[in-house]
Amino acid sequence: GAVVSQHPSWVICKSGTSVKIECRSLDFQATTMFWYRQFPKQSLMLMATSNEGSKATYEQGVEKDKFLINHASLTLSTLTVTSAHPEDSSFYICSARDLRDSTDTQYFGPGTRLTVL
Amino acid sequence: RKEVEQDPGPFNVPEGATVAFNCTYSNSASQSFFWYRQDCRKEPKLLMSVYSSGNEDGRFTAQLNRASQYISLLIRDSKLSDSATYLCAVRLGDSSYKLIFGSGTRLLVRP
């Protein structure tokens, strides 16, 4: 149980285009999902907290108009990188908390590797 | 100062060795603590949660020292398959459930 999927697993796009990444909790419901970004040889940096049915909460320094987050259901959150540039190339990972779980456990998706040419 | 700090390593040890990692955190209100393992180009996987009383899972032992604000991970009898990056993560004592990760410590276990 507690499986989180991401789609796509990797994507290559041209500079200036937008890319949508999906994060799904497959066997549980998640009111809260988290989006992280990881550059090579660096740690995971939290970008934003995605809340079902409400606006996402962005971390300091993360542009909310560039990284659009939608959490329309209890099993799906999407991150759209708008007008992508080469510096947005990174490993994007989501995680989700089980609605019924009172512990702090977060389940991570397998990540999406974005390359912007 | 970073909220969560780790020695980046790499720690290069022979099979069978015992190796220990430390992780310090700056916010005294931090509530929960975790060790994750991350293999190259993969997502992090929860290794163990860290409790005040310390906890052990096979060859892995985690300890929390709230007074000094650090957590540790001890790996005994290292295996080649233990080679990975070990990330510590801290959850603040608020309602957000956000995790703050350290930069990770890389472990290389050699034959």
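Preceding this paragraph is the structure being described.
Residues numbered from 1 in each chain as written. Chains lettered and ligands numbered in written order. Predicted model: local features only at pLDDT ≥ 70, side-chain atom pairs only at ≥ 80, totals over all residues. Heavy atoms only, no water.

Sorry if this is basic, but what is going on with the pattern of salt bridges here?
Between side chains of opposite charge, a pair can form when the charged atoms approach closely. Inspection of every chain in the model, using the stated rule, returns 9 salt bridges over all chains. Glu-59 of chain A serves as the salt-bridge partner of Lys-98 of chain B, at 3.1 Å between the closest nitrogen and oxygen. With one member in each of two chains, Lys-98 of chain B in the loop between β9 (84–91) and β10 (99–101) and Glu-59 of chain A in the loop between β6 (57–58) and β7 (67–73) form a pair that bridges those chains. In this structure, Asp-88 of chain A and Lys-66 of chain A form a salt bridge, with 2.9 Å as the shortest nitrogen-oxygen distance. Pair noted here: Asp-88 of chain A is in the loop between β8 (76–81) and β9 (90–97) and Lys-66 of chain A is in the loop between β6 and β7, with a separation of 22 residues, a long-range link. Both residues of the pair, Asp-88 of chain A and Lys-66 of chain A, count as buried. (Salt bridge = Lys/Arg side-chain N within 4 Å of Asp/Glu carboxyl O. Helix = DSSP H or I, 4+ residues; strand = E, 2+ residues; numbered from the N terminus. Buried < 20%, exposed > 50% of the residue type's maximum accessible area, 1.4 Å probe, protein only.)

Whenever I open this one, the layout of surface pockets confuses me. Can you help?
In this approach a probe as big as a water molecule rolls over the atoms, and the regions it shows empty are the leftover space. Within this model, the largest pocket holds a volume of roughly 640 Å³. Lining of the largest pocket is provided by 23 residues; of these, Pro-40, Lys-41 and Gln-42 of chain A together with Cys-40 and Thr-85 of chain B occupy positions nearest its centre. It is β9 of chain B that provides the largest number of residues to the lining of the largest pocket, a total of 3 residues. Split by residue class, the lining of the largest pocket holds 8 nonpolar, 9 polar and 6 charged. Its boundaries defined by the atoms lining it, the second largest pocket holds a volume of some 490 Å³. (1 Å grid on protein atoms, 1.4 Å probe; cavity = no way out; pocket = protein on both sides within 12 Å on 5 of 7 lines; lining within 4 Å. Points joined across faces, edges and corners; volume = space filled by probe spheres on them. Nonpolar A, V, L, I, M, F, W, Y, C, P; charged D, E, K, R; others polar.)

Sorry, what's going on with the packing of aromatic side chains here?
Two numbers describe a pair of aromatic rings. These are the distance of the centres and the angle of the planes. Residue and element names in this part refer to chain A. If you walk through the whole model with that rule in mind, you get 10 aromatic pairs over all chains. Centre to centre, the rings of Tyr-36 and Phe-108 are 5.6 Å apart; their planes meet at 40°, and the pair counts as tilted. Linking Tyr-36 in strand β4 (residues 32–38) with Phe-108 in strand β10 (residues 107–108), this pair joins segments that are 72 residues apart in sequence. With respect to class, Tyr-36 is no different from Phe-108; both count as buried. (Phe/Tyr/Trp six-rings, centres within 6.5 Å; stacked < 30°, edge-to-face > 60°.)

I keep staring at the interface of chain B and chain A and nothing clicks. Help me out?
The parts lose accessible area when they come together, and the size of an interface is often stated as this lost area. The interface is formed by 18 residues belonging to chain B together with 19 residues belonging to chain A. Between chain B and chain A the total buried area reaches about 1500 Å² when both faces are included, carbon and sulfur atoms providing 54% of it. Counting the surface chain B buries against chain A, the share from its top three residues, Glu-43, Tyr-97 and Lys-98 of chain B, is 33%. The interface formed by chain B and chain A includes 1 salt bridge. At the junction of chain B and chain A, the tally comes to 4 residue pairs in polar contact (both at pLDDT 80 or more). Per element, the largest residue contribution to the side of chain B that touches chain A is 4 residues, and it comes from strand β4 (residues 32–38) of chain B. Its residues placed into classes, the side of chain B that touches chain A shows 8 nonpolar, 5 polar and 5 charged. (Contact = heavy atoms within 4.5 Å. Buried area = accessible area lost by both parts, 1.4 Å probe. Polar contact = N/O pair within 3.5 Å; in protein donor to acceptor, adjacent residues only side chain to side chain.)

Could you clarify how one ought to interpret the state of the cysteines in this entry?
Such a bond, covalent and formed between the sulfur atoms of two cysteines, is termed a disulfide. In total, this model carries 2 disulfides over all chains according to the counting rule given. Covalent S-S linkage joins Cys-23 of chain A and Cys-94 of chain A, the inter-sulfur distance amounting to 2.0 Å. In this structure, the disulfide formed by Cys-23 of chain A and Cys-94 of chain A twists by about 80° around the S-S bond and is classed as right-handed. Here Cys-94 of chain A lies in strand β9 and Cys-23 of chain A lies in strand β3 (residues 19–25), a separation of 71 residues in the sequence. With respect to class, Cys-23 of chain A is no different from Cys-94 of chain A; both count as buried. Across the disulfide from Cys-23 of chain B sits Cys-88 of chain B; the S-S distance is 1.8 Å. For the disulfide bridge between Cys-23 of chain B and Cys-88 of chain B, the dihedral angle about the S-S bond is near 60°, and by the sign convention the bridge is right-handed. One end of the pair, Cys-23 of chain B, is in strand β3 (residues 19–25); the other, Cys-88 of chain B, is in strand β9, with 65 residues separating them in the sequence. Like Cys-23 of chain B, the residue Cys-88 of chain B is buried in the burial classification. (Disulfide = S-S within 2.5 Å.)

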